[in-house]
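# Results of the structural survey
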Amino acid sequence: MNQRWSVLAIFILSGAAGLIYEVVWARQLVLVFGNTTQAVSAILTGFFGGIAIGSVIGGRIADRARRALRMYGLLELILVVVVLLTPITFRLLHDVYRGAFDSLEGSPTVLALIRFGLSLIALGPATILMGATLPTLTRHLSRDPASLSTSFGRLYAANTIGAILGTIAAGFVLIELLGLTGTLLVGATCSAIAGLSALLLDFRRGPNESAATLDPADVRIAAGAGAISAGPRPRVRLALIVAYVSGLTSLGYQVLWTRLLASGTGDSTYVFTTILTIFLIGLALGAVVFNVFRTRIKTINLLALGQVVIALLVLLGMAAAIGRGVTGVLNLTTNFSSLFTDFALPVVLVVLPATFVMGLTFPAASALIADPDGHVGSNAGLLLSANTLGAISGTFLIPFVVIPLVGSPAALGLIALINAGMGIALAFGARIEDRLPRAVTGGASAAVALAIVISLAAGGVFVDPSVARILGAHGTVVKSAEDDIASVQAGSLQGYQQLWVTGTSMTVLTVDVKLMPILPLILRPNSTVDLTVAFGMGSAWRAALNAGLTATAVELVPSVPGMFGVFYPDAPEVLANPKGNIVIADGRNHVELTTDHYDIIVVDPPPPIETAGVSVISSLEFYQAARARLNPGGVMMQWIPYGQTLDEFKDHVRTYASVFAHVIIAFGPGGNGLYMLGSNDPISFDPAAIQTVLARPGIVADLSSALDSPTHDAPGWAAEIPQLIWLQGDQVKKFAGDGPMVTDDHPLPEYFLLRHLFGPPSPWVTEPLLRSLTPAP
């Protein structure tokens with residue numbers, strides 16, 4: 001008894017480490033492959049694929065191992081070594097991918113296959129070891145084949161509880177305090193403790209192993225002469241089907257709930273962490289309840305009813321979400337408690353009930369794989385592998401097939417139909433027990449399926465929350481689209497034309513954006529080639545073309561450029577301009593991997609400034625990559641919106657000024673933020689250059705067309721632009737002082753909870769505050 005609880009505690013630690021690895025590796029590999037859905041799917045495939053392979057191989061080896069606990073301990077210790085080597089591995093793979101990108105940029109299919117292969121190479125060694133741990137410990141804890149379900153259910157619950165702890169620790173504490181590398185070391189420490197503890201427990205057991213690790217032949221003898229080996233039995237196959245469907249649907253729900261429930265919140269990393277935590281809590285609670293009542297539950301009944309109930313709860317959850325307005329704009333930087341009061345509690349209503357039932361049903365499938373031949377580890381490994389293969393299928397089918405065809409809301413309904421259909425199949429095709437007539441379960445499944453179909457056809461339940469929120473606020477939606485990355489709308493609200501991505505307003509037709517390429521052009525009037533990272537409404541890219549530049553825009557979300565015509569009536573002519581080019585790609589990845597060079601680079605990160613992933617285009621490493629893409633004397637413009645503390649703003653300035661020898665910081669005339677302008681050569685706003693650039697056809701008219709434009713003619717702009725300058729020369733570094741910098745390893749803008757709760761107070765940045773702090777030249 002005591003050792004069983006010790007083993008479960010060890011596996012909790014292992015689960016925490018596994019989730020930490022997943023969070024850190026996903027972020028690190030996004031820097032290698034980009035943040036596109038194709039790249040993320042490649043990363044997830046590498047992760048899940050390794051676990052699937054490891055579970056099958058590990059289970060078979062565990063059945064032959066005399067001391068399965070010792071095998072588990074060695075697996076964890078080997079994993080520690082592999083984990084500590086991953087930063088080196090990732091750097092080497094980055095170099096390989098860079099070489100492939102140069103020669104295969106025009107062959108996206110081949111490049112995608114290379115990403116998948118490199119992801120498996122990067123993550124395979126570690127995830128194969130991770131996948132082998134569950135079947136190995138299941139083998140150790142199973143006293144006999146009949147106890148397989150008990151052992152599997154307990155270990156699944158323990159591992160999921162550990163995953164909850166790892167999610168909370170990494171997402172809310174560790175990355176902010178220690179950075180990605182430090183967080184990875186914490187995970188490795190957890191694995192090391194788990195491995196050493198397992199070896200210590202095994203050593204204390206002495207040389208004799210218990211019945212839990214008898215050879216398969218011994219188990220067959222113990223099970224009785226009537227046990228015969230006949231290969232996979234019908235219920236083993238049924239268990240694998242249930243596990244596959246469970247993996248497919250649970251991954252689908254996680255992806256879609258994250259999209260729908262995070263809509264309009266600002267896409268903070270804390271929002272995603274909260275959704276994942278609630279998802280895992282539901283799975284863990286369900287697994288714990290299954291283990292408590294396992295002996296009183298008829299397996300097929302539970303599996304059939306569970307599928308029906310999941311489908312029903314998804315339907316009711318979406319209805320409740322729409323009715324209560326689950327999603328809404330969250331300003332976590334000033335009111336972090338809103339994450340729990342305005343977001344987490346409603347998400348619990350939608351996510352927790354369904355995931356609770358999922359947590360009941362997946363371990364219940366393990367009751368169908370008890371094998372009198374003693375293949376405990378092998379069958380447990382096959383069950384986990386089937387579940388993982390379902391998850392891999394979900395990473396492809398959901399974003400690349402289902403969402404583009406029907407959209408996220410309808411995709412959620414379709415996945416619920418899979419659950420209802422599975423309920424019908426189990427009721428009528430799996431020898432359901434007599435006490436629960438199959439007609440009742442099958443009828444309930446059919447009724448739920450019909451209700452879902454009606455809801456999908458009638459609308460009102462499975463709706464895009466972004467559209468619903470805009471219309472609910474008396475706005476208008478002129479055009480709406482959804483792709484594998486995000487839901488996108490173009491329309492107007494409160495008298496302003498706006499662009500929404502994932503329900504968050506990206507921008508309006510402000511003069512601040514129209515001026516972005518013009519300021520660098522004034523600093524370098526001979527510039528000819530421009531790069532804009534983040535297309536948005538297209539204002540900066542259009543302004544660059546209008547100024548006569550050859551302009552390339554890089555946009556992550558494929559549907560965004562399609563909204564260009566909503567905001568600019570001359571869109572067809574602009575898009576037909578041979579000097580213009582729009583690239584659908586990850587901006588960071590493009591800047592690092594392209595061989596092209598530019599005179600001007602404009603970067604306009606999506607708001608708010610704490611958006612998950614935005615640090616990859618405002619970090620030290622990104623600025624260094626951008627500097628390397630500039631032609632001699634080239635200028636980079638980085639936009640910094642308001643919405644941060646003074647100390648955080650200084651971190652941005654300090655980081656930028658450490659890369660560029662000459663920096664000017666200027667206020668946006670629209671009052672939305674500041675421009676950071678940097679170059680390796682001296683820069684200044686020469687009055688003659690201002691006049692020359694403003695004299696180019698269309699520039700003054702474009703700047704003056706914005707509703708928030710402070711002036712409307714060339715003389716007015718010639719006088720306005722010098723007044724925007726706030727800091728230049730030595731003033732920049734004097735203002736920034738010493739302190740931390742935004743790096744890939746320490747994405748400070750995204751992780752701010754502990755600073756805001758326990759750090760020294762820092763005022764919020766405003767133009768009056770900054771002007772009062774202007775250091776002497």
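Above this text is the structure in question.
Residues numbered from 1 in each chain as written. Predicted model: local features only at pLDDT ≥ 70, side-chain atom pairs only at ≥ 80, totals over all residues. Heavy atoms only, no water.

## Regarding the pattern of salt bridges
Formally: By salt bridge we mean one thing: a side-chain nitrogen of Lys or Arg within 4 Å of a carboxyl oxygen of Asp or Glu. Numbering of helices and strands starts at the N terminus; helices are DSSP runs of H or I of at least 4 residues and strands are runs of E of at least 2. Each residue's exposure class comes from its accessible area (1.4 Å probe, protein chains only) as a fraction of the maximum for that residue type: buried when under 20%, exposed when over 50%, partly exposed otherwise.
Across all of its chains, the model carries 13 salt bridges by this definition. Two residues, Asp 63 and Arg 139, come together in a salt bridge whose shortest N-O distance is 3.1 Å. Here the residue Asp 63 occupies a position in helix H2 (residues 37-64), and Arg 139 occupies one in helix H4 (residues 108-141), the gap between them amounting to 76 residues. Side by side, Asp 63 and Arg 139 carry an identical accessibility label, which is buried. Residue Glu 592 pairs with Arg 588 through a salt bridge whose shortest N-O separation is 2.9 Å.

## A word on a nonpolar patch on the surface
Our working definition: Distance thresholds for patches are 9 Å for like charges and 5 Å for nonpolar side chains (Val, Leu, Ile, Met, Phe, Trp, Tyr), applied to residues having over 30% relative accessible area and no salt bridge. Note on areas: these come from Shrake-Rupley sampling with a 1.4 Å probe, and a residue is covered only by the protein chains present in the view.
There is a patch of nonpolar side chains on the surface, built from Ile 53, Ile 57, Ile 61, Leu 120 and Ile 128 and spanning about 380 Å² of accessible area. Breaking the nonpolar patch down by element, the ones donating at least two residues are H2 and H4. The leading source of residues in the nonpolar patch is H2, at 3 residues.

## Regarding unusual backbone geometry
Cis peptide bonds are those with omega within 30 degrees of zero, and the linkage from Pro 607 to Pro 608 qualifies with -10°. Relative to the helices and strands, Pro 608 is located in the loop between strand E8 (598-603) and helix H21 (620-629). The backbone phi angle of Asp 267 is positive, close to 55°, even though this residue is not glycine. Its identity is not glycine, yet His 474 carries a phi of approximately 65°, on the positive side. On the secondary structure map, His 474 appears in the loop between helix H14 (465-472) and strand E1 (476-482). Given the relative accessible area of 74%, His 474 is considered exposed.

## Observations regarding the nonpolar core
Applied cut-off: Joining through side-chain atoms within 4.5 Å is the link that ties buried Ala, Val, Leu, Ile, Met, Phe, Trp, Tyr and Cys residues into a set, and such a set is a nonpolar core. By definition, residues are in contact when any of their heavy atoms lie within 4.5 Å.
Counting residues in hydrophobic clusters, the biggest one holds 137 residues, and the most contacted among them are Tyr 21, Trp 25, Tyr 253, Trp 257 and Leu 412. The element best represented in this core is helix H5 (residues 148-205), accounting for 20 residues. With residues near it in sequence (within four places) discarded, Tyr 253 still touches Thr 258, Phe 279, Ile 310, Val 314, Met 358, Leu 412, Ile 415, Ala 416 and Asn 419. Core analysis: the second largest hydrophobic core is formed by 56 residues, Phe 535, Val 602, Leu 694 and Ala 706 among them.

## Observations regarding the packing of H2 against helix H11 (residues 376-406)
Our working definition: Simply put, an axis is a line fit to the C-alpha atoms, just over the touching stretch for a helix, and the angle between two N-to-C directions goes from 0 to 180 degrees. Note on terminology: angles under 35 degrees are roughly parallel, angles over 145 are roughly antiparallel, angles of 65 to 115 are roughly perpendicular, and the others are oblique. Amino acid classes used here: Ala, Val, Leu, Ile, Met, Phe, Trp, Tyr, Cys and Pro are nonpolar; Asp, Glu, Lys and Arg are charged; the rest, including Gly, are polar.
Close contact between H2 and H11 brings their axes to 7 Å; oriented N to C, the two are set at 170°. By the angle between their directions, the pair H2 and H11 is classed as roughly antiparallel. Taken together, the residues of the contact of H2 with H11 sort by class into 14 nonpolar, 13 polar and 2 charged.

## A short note on the sheet that holds strand E9 (residues 630-641)
Counted only if it meets this: Pairing between strands requires that DSSP locate at least two bridges from one strand to the other.
Taken in spatial order, the 8 strands of this open sheet run E7-E6-E5-E8-E9-E11-E10-E12, and their pairing is mixed. At either margin of the open sheet sits one strand with a lone partner, and together these are strand E7 (580-584) and strand E12 (725-728). Sheet twist, expressed as the average angle between the axes of neighbouring strands with direction ignored, equals 15°. With 5 bridges joining them, E8 and E9 adopt parallel strand pairing. Across the sheet, the residue bridging to Val 603 is Gln 638, located in E9.

## Examining empty space enclosed by the protein
Gaps left between atoms show up when a probe the size of a water molecule is rolled over them. Quick note on the threshold: A 1.4 Å probe that fits into a set of points on a 1 Å grid over the protein atoms alone but cannot get out defines a cavity; an open set with protein on both sides within 12 Å along at least five of seven lines defines a pocket, and lining residues are those with an atom within 4 Å of a point. Grid points are joined across faces, edges and corners, and a volume is the space filled by probe spheres set on the points.
Taken as a whole and judged by the stated rule, the model has 5 cavities of 30 Å³ or more. Size it by volume and the largest cavity reaches roughly 90 Å³. Around the largest cavity, the lining comprises 13 residues; the ones closest to its centre are Gln 644, Glu 648, Leu 748, Pro 749 and Arg 755. In terms of residues, the lining of the largest cavity owes the most to one element, helix H22 (residues 646-657), which gives 3 residues. Here the residues of the lining of the largest cavity are counted per class, giving 5 nonpolar, 4 polar and 4 charged. Of the pockets and cavities examined, the second largest cavity occupies roughly 60 Å³. Around the second largest cavity sit Pro 605, Pro 606, Pro 608, Ile 609, Val 614, Ser 618, Gln 638, Trp 639, Ile 640, Pro 641 and His 652, which together line it. The element that contributes the greatest number of residues to the lining of the second largest cavity is E9, accounting for 4 residues. Per-class residue counts for the lining of the second largest cavity are 8 nonpolar, 3 polar and no charged.

The values are spatial; any link to function lies outside them.
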